[in-house]
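Residues per chain, in single letters:
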Amino acid sequence: MRCLESSQRGVALGRGRAAAPFRRVHSSVRLGVVRVATDDAALPGPQGAFVPGQEAEARQGIFNRIAPVYDELNNNLSFGQHWVWKQMTVKWSGAKPGGKALDVCCGSGDIAFLLSRAVGTKGEVTGLDFAAEMLEDASARQDEQRREGTAQGRANITWVQGDAMDLPFESASFDAATMGYGLRNVASIPTALKELHRVLRPGCAVAILDFNNCTDPIPDAMQAFFLEQLVVPAARRYGLAAEYEYLRPSIKRFPTGPEQVRLAREAGFAAARHYPIGFDLMGVLVATKGR
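Remember, predicted model here, so these are calculated numbers, not experimental data.

### Remarks on the pattern of salt bridges
Thought 1: By the definition in use, this model includes ten salt bridges.
Thought 2: Residues arginine 146 and aspartate 143 are paired through a salt bridge, measuring 2.9 Å at the closest nitrogen-oxygen approach. Placement of both arginine 146 and aspartate 143 in helix H4 (residues 132-148) is noted, with a separation of three residues, approximately one turn of the helix.
Thought 3: Among the residues examined, aspartate 143 registers a relative accessible area of 14% and is labelled buried.
Thought 4: Three or more residues joined by partner-sharing salt bridges are found here, namely Lys86, Asp110 and Arg141.

### Describing a nonpolar patch on the surface
Thought 1: Taken together, the side chains of Ile218, Met222 and Phe279 make up a nonpolar region of the molecular surface, amounting to roughly 380 Å² of accessible area.
Thought 2: By the secondary structure assignment, methionine 222 is in helix H6 (residues 217-236).
Thought 3: Judged by relative accessible area, methionine 222 falls into the partly exposed class, the value being 39%.

### Structural notes on the packing of helix H2 (residues 81-93) against helix H3 (residues 110-119)
Thought 1: At their nearest, the axes of H2 and H3 sit 10 Å apart, and the two run at 50 degrees to each other. Accordingly, the angle class assigned to the pair H2 and H3 is oblique. With respect to the hand of their crossing, H2 and H3 are arranged in right-handed fashion. Of the residues in H3, those in contact with His82, Trp83, Lys86, Gln87, Val90 and Ser93 of H2 are Asp110, Ile111, Leu114, Leu115 and Ala118.
Thought 2: Class assignment of the residues belonging to the contact of H2 with H3 gives a composition of six nonpolar, three polar and two charged.

### Quick word on the packing of aromatic side chains
Any pair of aromatic rings gets described here by the distance separating the centres and the angle formed by the planes.
Thought 1: Enumeration over the complete set of coordinates arrives at four aromatic pairs.
Thought 2: Considering the side-chain rings of phenylalanine 169 and phenylalanine 174, the 5.2 Å spacing of their centres and the 85 degrees angle between planes classify their relative orientation as edge-to-face. Per residue, the accessibility class of phenylalanine 169 equals that of phenylalanine 174, and both read buried.
Thought 3: A cation over a ring is seen here: lysine 86 above tryptophan 83, with NZ or CZ 5.6 Å from the ring centre.
Thought 4: For the cation-ring pair, lysine 100 lies above phenylalanine 174, with the distance from its terminal atom to the ring centre recorded as 5.3 Å.

### Examining the state of the cysteines
Thought 1: Applying the stated criterion across every chain yields a total of zero disulfides.
Thought 2: Counting only cysteine sulfurs, cysteine 106 is the nearest neighbor of cysteine 105, a cysteine outside any disulfide, at a range of 8.1 Å.
Thought 3: By relative accessible area, cysteine 105 is classed as buried at 17%.

### Let's talk about the pairing of strand S6 (residues 174-180)
Thought 1: The buried fraction of S6 amounts to six of the seven residues, a majority that puts the element mostly inside the structure.
Thought 2: Inspection of the sheet shows strand S3 (residues 100-104) paired to S6 by four bridges, in the parallel sense. Its bridge partner lying in S6, alanine 101 is registered against alanine 176.

### As for helix H9 (residues 257-266)
Thought 1: For H9, the full list of buried residues reads Gly257, Gln260, Leu263 and Ala264. Angular distribution of buried residues about the axis of H9 spans 120 degrees; they occupy a single face of the element. Facing away from the buried side of H9, by more than 90 degrees, are the exposed residues Pro258 and Glu266.
Thought 2: Directly after H9, the chain includes glycine 268, whose backbone phi takes a positive value near 115 degrees.

Rules behind the numbers
- One numbering rule holds for all chains: residues counted from 1, following each sequence as written.
- For a predicted model such as this one, the threshold for reporting local features is a pLDDT of at least 70, and the threshold for listing and counting side-chain atom pairs is 80 or more; totals across whole chains, interfaces and linings nevertheless cover every residue.
- Values shown for side chains rest on all heavy atoms present in the structure; no hydrogens or waters enter the calculation.
- Salt bridge criterion: a side-chain nitrogen from Lys or Arg within 4 Å of a carboxyl oxygen from Asp or Glu.
- Every helix listed is a DSSP run of H or I at least four residues long, and every strand listed is a run of E at least two residues long, numbered separately from the N terminus.
- Throughout, exposure labels follow a simple rule: accessible area from a 1.4 Å probe, protein chains only, divided by the maximum for the residue type, with under 20% read as buried, over 50% as exposed, and the rest as partly exposed.
- By definition, no residue in a patch forms a salt bridge, and every one has over 30% relative accessible area; like charges are joined within 9 Å, nonpolar side chains (Val, Leu, Ile, Met, Phe, Trp, Tyr) within 5 Å.
- To be clear on the numbers: accessible area is Shrake-Rupley with a 1.4 Å probe, and residue cover counts the displayed protein chains and nothing else.
- Fitting a line to C-alpha atoms yields each axis, with helices limited to the stretch in contact; the angle taken between N-to-C directions then spans 0 to 180 degrees.
- For classification purposes, angles smaller than 35 degrees are called roughly parallel, those larger than 145 roughly antiparallel, those between 65 and 115 roughly perpendicular, and all remaining angles oblique.
- Crossings are sorted by hand: turned counterclockwise from the far helix by less than a right angle, the near helix makes the crossing left-handed, and turned clockwise it makes it right-handed.
- Whether two residues touch is decided by their heavy atoms; if any such pair falls within 4.5 Å, the residues are in contact.
- Throughout, the ten residues Ala, Val, Leu, Ile, Met, Phe, Trp, Tyr, Cys and Pro are labelled nonpolar, Asp, Glu, Lys and Arg are labelled charged, and all others, Gly among them, are labelled polar.
- Centres within 6.5 Å make a pair out of two Phe, Tyr or Trp rings, where for Trp the six-membered ring is used; the pair is then stacked when the planes are under 30 degrees apart, edge-to-face when over 60, and tilted otherwise.
- A ring is considered to have a charge above it if a Lys NZ or an Arg CZ atom is located within 6 Å of its centre and within 35 degrees of its normal.
- Disulfides are defined in this document as cysteine sulfur pairs within 2.5 Å.
- In this scheme, strands are said to pair when DSSP sees at least two bridges between them.
- Note: the arc covers the axis-to-C-beta directions of the helix.

Structural measurements only, silent on function.
In structure tokens form, the structure reads like this:
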């Protein structure tokens, strides 16, 4: 996996929107999955997405390719419910007016924009992602809101390209943190959690939203049906079936809620709790750093 170049520049989206500059941090992005006994190469998804040594580049490619339709598919396939889940995540993060908040794996910026509302014009938000196309989309969305004169456009948000397992920030520098659909994809979940713990100030929390690897057979069957019969066919119309076929096996290799709580405590968090939401299809891990 190539290192990210240290530079700051404006970029143009394929949709014809000019994107604001975002900061690239010189850091090797290490993305992967929790290992289980299986034939990695035979799993659904883009080639290499589950193969040790190949998954980093394959997964970065996934998120860059889906960026142009990511927001549209999220909204349509969740029937708009993803906004409810993201608002719950921001609330559980404890972000407050005037605070400094971090959104790791920010994608096209949904949660970062919600955080900006929570911290207000006197607060600061940093959105970090490893996929340049996603950050370009987030920057372009903010530019559009700025031209429209919305409060979102006036928000103090900085977009940074970097590694969730090697956050380019000083220790104890954020009052709140969020992570949406990212913990499932890192090569080392313990390392990512330790980094989140490191950059939070004492007494502050991170809220991590993702699909729930539910052990109850009924919600699990519902999730499988939703992904395989609705999400993948919808993505196929955009030529992205393989990218979305990746979701189901990645979820089944993701730690369950109780396992996430244990990992958070082992990473140093003083308290942790996992909240199943969306009929157990999704979950939010809330972990608080000790004072």
